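Each chain, written out:
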Amino acid sequence: MTAAVKPPFWLLAELTYRGPLHCVFCSNPVDYARHDAELDTATWKRILAEARALGAVQLGFSGGEPLLRDDLEELVAHARSLGFYTNLITSGVGLTAARARALKDAGLDHVQLSFQDSTRELNDFISSTRTFDLKSRVAAIIKDAGYPMVLNCVMHRFNLPHVGRIVDMAERMGADFLELANTQYYGWAWQNRAALMPTVDELRDAEAIVAAHRERLASAGQAMKILWVSPDYADARPKPCMAGWGAVFLVVAPDGLALPCHSARMLPGLAFPSLRDTSVRRAWFDSDAFNAYRGEAWMDDTCGSCDQRHADHGGCRCQAFLLAGDAAAADPVCRKSAHRGRVDALLDAAASAALERTREAPLRFVPGAAAGGGLVFRGDAASLALSAPIDELQATTP
Amino acid sequence: MIDPQARPAVAPMYRLQFEPAQDGWVLLYPEGMVKLNTPAAEILRRCDGRRSVTEIVGDLERAFERDGLSADVLAFLAQARARGWVHPGAAP
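Remember, predicted model here, so these are calculated numbers, not experimental data. (Residues numbered from 1 in each chain as written. Chains lettered and ligands numbered in written order. Predicted model: local features only at pLDDT ≥ 70, side-chain atom pairs only at ≥ 80, totals over all residues. Heavy atoms only, no water.)

1. Focus: the packing of aromatic side chains
One pass over the full model with this rule turns up 13 aromatic pairs over all chains. Centroid distance A:F125 to A:F377: 5.7 Å. Interplanar angle 80 degrees. Geometry classified as edge-to-face. Highlighted residues: A:F125 in helix 4 (residues 120-127) and A:F377 in the loop between helix 17 (367-372) and helix 18 (380-386), separated in sequence by 252 residues. Residue class for A:F125 comes out buried when judged on its relative accessible area of 11%. Centroid distance B:F18 to B:W25: 5.9 Å. Interplanar angle 70 degrees. Geometry classified as edge-to-face. Ring-pair connections join several aromatic residues into one group, and the members of that group are A:W245, A:F272, A:Y293 and A:W298. A cation over an aromatic ring shows up here: A:K135 above the ring of A:F115, its NZ or CZ 5.9 Å from the ring centre. The lysine or arginine in question, A:R378, covers the ring of A:Y32, its NZ or CZ lying 4.0 Å from the ring centre. (Phe/Tyr/Trp six-rings, centres within 6.5 Å; stacked < 30°, edge-to-face > 60°. Helix = DSSP H or I, 4+ residues; strand = E, 2+ residues; numbered from the N terminus. Buried < 20%, exposed > 50% of the residue type's maximum accessible area, 1.4 Å probe, protein only. Lys NZ or Arg CZ within 6 Å of the ring centre and 35° of its normal.)

2. Thoughts on the sheet that holds strand 3 (residues 85-90) of chain A
Residues and elements named next belong to chain A. Spatially, 7-6-5-4-3-2-1-8-9 is the arrangement adopted by the nine strands of the open sheet, whose pairing is mixed. At either margin of the open sheet sits one strand with a lone partner, and together these are strand 7 (225-229) and strand 9 (258-259). Direction of pairing for strand 5 (residues 149-155) relative to strand 6 (residues 177-182): parallel, over a ladder of six bridges. The residue of strand 6 that forms the bridge with C153 is L180. Relative to the sheet, helix 1 (residues 41-54) contacts strand 1 (10-14), strand 2 (58-62) and strand 8 (249-252), its axis offset from that of strand 1 by approximately 170 degrees. (Pairing = 2+ DSSP bridges. Contact = heavy atoms within 4.5 Å. Axes fitted to C-alpha atoms, helices over the stretch in contact; angles between N-to-C directions.)

3. Focus on the nonpolar core
Residue and element names in this part refer to chain A. One finds F61, L103, L151, L178 and L180 to be the most contacted residues of the largest nonpolar core, which totals 66 residues. Look past the residues within four positions of L103 in its chain and what remains in contact with it is L67, L72, E73, V76, L88, L95, L108 and Y147. Counting 35 residues, the second largest nonpolar core, distinct from the first, contains Y186, C241, W245 and F272. (Core = buried A, V, L, I, M, F, W, Y, C linked by side-chain atoms within 4.5 Å.)

Structure follows, in structure tokens:
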């Protein structure tokens, strides 16, 4: 197997699961609070060196909030000296002008800043923090320090109607890229799928607005590029998730677990290697977990006989597990999947809920109402409660 | 079209570097990488913001002992500029 496997191209270093925001679509695992033993500086340096020696080029420092690690500058400098192209993926909390300069001096190449919306109200509601004004200041700090800047905004039912204003905001802030990341339903977003899911019509309307802005930007010779991440439930096209399992992307979780994606640690039956005691080379090439869904041998007939299998790699294993209960099944967003009905049921429920809302009252954004509507905000207490073993749950049930 | 007197430089968004794993020169940018063929790499390596296009052409013609590279270099630089890889730089 090893002969055909290429080394990782992209390393995502999740330095910590700690973070100041409480976003309802956080991509950290729901049980993150149970994995809080973080790697030390020396171990991270060894991992970076090993990954780079294999041929990894792109490096993202992520979290949680990577700025909460006070060795971030040291790790960036180490990564830069190894020849990585380095990216800081941040909420902006903690990025002062002094720190932005120190990271630049250490060799940081670019910064991806998250926003939750173009309005203070929704940004602060979705993240359960007062961070909109701070993020706006941080965007200016990033540009003043001379970084290429990616603005990332996770899109869902609440902010899709604002998509035009989000584009305007990104332009005003001087973003080089705007990533409109339609919610992918894993982790906390899976918990909140009923509340976050837009209707297919809402997605089509927003996509048309994005297309118009792209055309305007191109004809005006503006440099900003907009990435529209496919809402794959509605588009019904399996995404080539991570460009294939264990093909180009290596995530290292805060506790040192090597993973093929952000969310795979929740898949049952896979023993992911820990880089505390395993080399990157052994983890990537030799571990059973990384080989489990490599190539096409694992595919069932639906994928194995499909002419798209080289392009979409069967879609997403985590999505197959969440929607079909089988990580080796065809991605249920695919029209060929026997489980596509479960995706359609979720979209139908979103359409019914939208219809219900229009009957109730004029559209109005009421934070308290939405919270009462069952949103689960990311946080330590919620993480521990959602991941409690059965006996612990019983013990706490009155 | 790029002014032959302009002094092009690789844009700040991009980093040009040799990748042993690819056995070649690449342009790195946020979340991506362009593998360069040898002529492209030889041109971009000379786009340092100090040398003019004319000087770059002369340099390449000496290095590869060939004449008449001007049209090819200008065509490549026009493409590279359209893709945002290089800033044309001002003529002095």
